[in-house]
Each structure stands twice: as C-alpha cells, then as structure tokens.
Amino acid sequence: MNPSNAVASAEAARLPLMLTELRLPTAKRLWPQIADQANREGWPAERFLAGLLEHEIAERETRRLQRNRATSQLPAGKTLETFEFEAVPTVSKAHMMALAEADGWLGQGHNLLAFGPPGAGKTHLVAGLGHALIDRGYKVLFTRTGDLVQKLQAARRDLRLPAELAKLERYELLILDDLSYVRRDQAETSVLFELIAERYEQRSIAITANTPFSGWDEVFPDKAMTIAAVDRLVHHATILEMNVESYRRRSAMPARRPRASKEQQ
Ligand code: ADP
Ligand code: MG
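Along each chain, numbering runs from 1 in the same order as the chain's sequence is written. To label them, take the chains in the order written and letter them from A, then take the ligands in the order written and number them from 1. pLDDT decides what is reported in this predicted model: residues at 70 or higher carry local features, side-chain atom pairs at 80 or more are listed and counted, and totals for whole chains, interfaces and linings draw on all residues regardless. The side-chain numbers reported here are obtained from all heavy atoms of the structure, hydrogens and water having been left aside.

**With respect to the overall build of the protein chain**
Heads up, the condition is: Numbering of helices and strands runs from the N terminus, with a helix taken as a DSSP run of H or I at least four residues long and a strand as a DSSP run of E at least two residues long. Throughout, the Shrake-Rupley method with a 1.4 Å probe supplies accessible areas, and for residues the shown protein chains are the sole cover considered. For the charge count, each Lys or Arg is scored as positive and each Asp or Glu as negative, with His and the chain ends excluded. The atom standing in for a charge is NZ when the residue is Lys, CZ when it is Arg, CG when it is Asp and CD when it is Glu.
A count of helical and extended segments in the protein chain gives 11 helices and 5 strands. On the principal axes, the C-alpha backbone points of the protein chain span a range of 95 × 60 × 30 Å. Carbon and sulfur atoms make up 54% of the accessible area of the protein chain, which amounts to about 15400 Å² in all. Charge separation in the protein chain, taken as the distance between the mean sites of 36 positive and 34 negative side-chain charges, equals 4 Å.

Right, dumping it as structure tokens:
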C-alpha cells in the first residue's frame, strides 16, 4: 500500500464514527458507494460532497414526514385518494384539494367543520385532508374529542393545563373527531372552550359532529359558553354539510332501488 492510500484508509475508518457523531445516518450508509463512484469517475470534491449531502437532506425530510404521520394518530388508509367525492354532492372535490394544498388557511388559523349523520364520511374526509397536509410537511393531530377533553381535564387537575395547551400549539391542524359525543354531564367540558379560545385566529381546528351547532348546548357547561365557542369557531371557517345516507349502509346494498318501485309503495 502506498502512503497516500494508507492515509485514505485511516480516514475511511474514522468516517463512520464521525458521521454517527454528527447524526448523518444517510451519509454514513451511502458514502462508501458514492466515494467509490467519485474515485472511479474522478469527480471534483465539491460534486462528491454536494451529492452526499443531498441524499442526507432528502432522507431527513422523508424521516420527518414519517415521524409526523406516526405522531398524528390519523387513521391509516383514510386518504383523499380513497374518498369517493361522488357520494357527497355537497362537498366540492376542487375545494377540498385547494384546502389540501394549504392555500393560506392554516397560516391564518381558519377552521373546518364537517356535519352529517353517522357514516356520512366525515371522519374519512377530514382525516384525508390531514394526510394530505402531512405530505406537505405540516403537523397534524387527530384525536377523538372525548379523549382530548379527558386529557385536558387531567392536566387542569394537576395545574398543567397551560402547558398541555401549549404542547398542542405545534400542530398546525388539530382534528377533533366526534365533538357532539362529548357530554357536559360526563365531564367538565370548559377545557374544550379554553382550547378553542387559545387557538382562535392562531391555529386551525377541524371538527366532525353529527349535530350542528343547535345540539352543542349539550356539550358545553352553559349556553353563554356554547355561543362563545361557536362564535370563535365559525368566524373564519369552511363548513361542510354532509347530509348523505350512511356510506356503510349504501355500500352494503347491492344497488339502489329504481324510482318506479318507490312510487308504487
Ligand atoms: P362518519 O365519520 O361520518 O361517521 P366515516 O368517515 O367513519 O363516517 O365513514 C364510514 C365508513 O365509510 C368508513 O369506513 C369510510 O372509509 C367509508 N366512507 C364514507 N364515505 C366514503 C366516501 N365518500 N368514499 C369512500 N369511503 C367512504
Ligand atoms: Mg366519524
């Protein structure tokens, strides 16, 4: 081995340690093959370094999105691609696709409210939007409203409510699924109001509910708080009325009954 080769192999032996130390796992994995190619093809040093770092940056972004998706708790497979927009004529696909591009609404803390009976596709549609936003690098948290209310109540008991609300701030979109299942008699729901007030005009909330606002008197502790919560939520909001028959029930039926047979009844 000539002296310069000996130096190169001593450096090569130190590289994995240095790349671990610097937390560059992709560079650590790929440098031998890229260095090989660079040596064979006589690349300038700049090209080698830039090539290696591009790989690290690209994989770092992929890892970040994977992490965001895992922490989002979004139901897997409920994406916009698998959502049949034809089944819900009141929802415009183009509008949803624009929201999925995050055309400014997240930055301004605008909200999304989806109403409709059970099985209408509310959870699927809103989760699909969540997945699309994760693809674009946003942080999203999907939670059943009841679960979050319980968590916030526990935090309040331990005098940690402000800290817990602050933790939720890092999510650009918070999806509260099934808000109307929360009942004030089961719990102290004013934490839900505090959450809504805290995020108002700062951070977006998406809500699914079976009953529109008229039924929310059952959710919040008193009428004044219901009005104050609804007021903040709708101030800047897209409202989706999904008054369609249950998708589950429709897809369980082989075909729609023809009109004529209905008239004969
Ligand atoms: P909701 O939240 O309104 O009760 P879900 O979103 O849970 O309804 O929908 C019920 C089931 O039907 C889910 O499995 C969902 O994936 C499916 N579904 C509902 N609407 C659609 C749709 N338009 N296209 C594809 N699947 C749908
Ligand atoms: Mg649902």
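What follows picks up the thread again.
**Focus: the nonpolar core**
Nonpolar side chains tend to gather and get buried jointly when the protein is soluble and globular. This is how the line gets drawn: The term nonpolar core refers to a set of buried residues drawn from Ala, Val, Leu, Ile, Met, Phe, Trp, Tyr and Cys, joined through side-chain atoms within 4.5 Å. Only protein chains enter the accessibility calculation, which uses a 1.4 Å probe; a residue is then buried when its area is under 20% of its type maximum, exposed when over 50%, and partly exposed in between. Every residue pair with non-hydrogen atoms within 4.5 Å of one another is taken to be in contact.
L125 and M242 are the most contacted members of the largest nonpolar core, which totals 31 residues. The set of elements that each furnish at least two residues to this core consists of helix 4 (93-100), strand 1 (111-115), helix 5 (122-135), strand 2 (140-144) and strand 3 (173-177). Per-element accounting of this core gives the leading share, 7 residues, to helix 5. When neighbours within four sequence positions are excluded, M242 is seen to be in contact with F83, V88, T90, V91, A114, F115, G116, P117, A120, G121, K122 and L125.

**Some remarks on the side chain of T79**
With respect to the helices and strands, T79 occurs in the loop between helix 3 (45-72) and helix 4. Sequence-distant contacts of T79, defined by excluding residues within four places in its chain, comprise H124, G128 and H131.

**What about helix 5?**
Residues lying three or four places apart along an α-helix face the same way, a consequence of the helix completing one turn every 3.6 residues. Selection criterion: Helix span, expected: 1.5 Å multiplied by one less than the number of residues in the helix.
Taking 1.5 Å per residue as the helical rise, helix 5 with its 14 residues ought to reach 20 Å, and the 20 Å between its terminal C-alpha atoms agrees with that figure. Burial runs high along helix 5: 12 of the 14 residues are buried. Within helix 5, burial applies to K122, H124, L125, V126, A127, G128, L129, G130, H131, A132, L133 and I134. Once helix 5 finishes, G137 follows within two positions and takes phi at roughly 95°, a positive value.

**Some words on the pattern of salt bridges**
Pairs can form between side chains of opposite charge whenever their charged atoms are close. Defined as follows: The term salt bridge refers to a pairing of a side-chain nitrogen on Lys or Arg with a carboxyl oxygen on Asp or Glu at a separation within 4 Å.
Using the criterion set out here, one finds 15 salt bridges in the structure. Note that R29 and E59 form a salt bridge whose closest N and O atoms lie 2.9 Å from each other. Remark: E59 occurs in helix 3 and R29 occurs in helix 2 (residues 25-41); sequence separation between them is 30 residues. For the salt bridge of R156 with E194, the shortest nitrogen-to-oxygen distance reads 2.1 Å. A residue pair is termed long-range when its members are at least 10 positions apart, and R156 in helix 6 (residues 145-157) and E194 in helix 8 (residues 190-199) qualify at 38 residues. Where salt bridges share partners, they join K151, D158, R160, E164 and K167 into one cluster.

**Quick look at the pairing of strand 4 (residues 204-209)**
So the rule is basically this: For two strands to be treated as a pair, DSSP must find no fewer than two bridges joining them.
Across the 6 residues of strand 4, 6 count as buried, placing the element largely inside the fold. Residues S204, A206 and T208 point to one face of strand 4 and I205, I207 and A209 to the other, with burial holding for every one of them. Bridge count for strand 3 against strand 4 is 4 bridges, and the pairing is parallel. Within strand 4, the residue paired with L174 across the bridge is I205.

**Re the confidence of the model for the protein chain**
Our working rule: pLDDT measures the predictor's confidence residue by residue and takes values from 0 up to 100.
Residues of the protein chain with pLDDT of at least 70 account for 93%, and the chain-wide mean is 91. When the criterion is pLDDT under 50, residues 257-265 qualifies, and its contacts beyond four places in sequence or with other chains add up to 1 contact.

**So, unusual backbone geometry**
Apart from glycine, the bulk of residues carry a negative phi angle, and the bulk of peptide bonds sit in the trans form. A positive phi angle, close to 60°, is found at D178, a residue other than glycine. Checked against the element boundaries, D178 lands in the loop between strand 3 and helix 8. Phi at E201 takes a positive value of approximately 60°, unusual for a residue other than glycine. By the element assignment, E201 lies in the loop between helix 8 and strand 4. Judged by relative accessible area, which is 37%, E201 ranks as partly exposed.

**Quick look at the domain arrangement of the protein chain**
Put simply, the test is: Where each domain begins and ends follows an automated or database-derived domain assignment. Accessible surface is computed with a 1.4 Å probe, and the buried area is the amount of it that two parts give up when combined, taken over both parts together.
Per the domain assignment, the segments of the protein chain are domain 1 (3-72) and domain 2 (85-246). Of note, the centres of domain 1 and domain 2, computed from C-alpha atoms alone, are 42 Å apart. Each partner contributes to the interface: domain 1 provides 6 residues, whereas domain 2 provides 9 residues. Between domain 1 and domain 2 lies a buried interface of about 690 Å² when both sides are counted; carbon and sulfur atoms form 45% of it. Looking at the side of domain 1 facing domain 2, the largest losses of area belong to N68, R69 and S72, adding up to 67% of the total buried there. The interface formed by domain 1 and domain 2 contains 1 salt bridge. Residue D135 pairs with R69 through a salt bridge whose shortest N-O separation is 2.5 Å.

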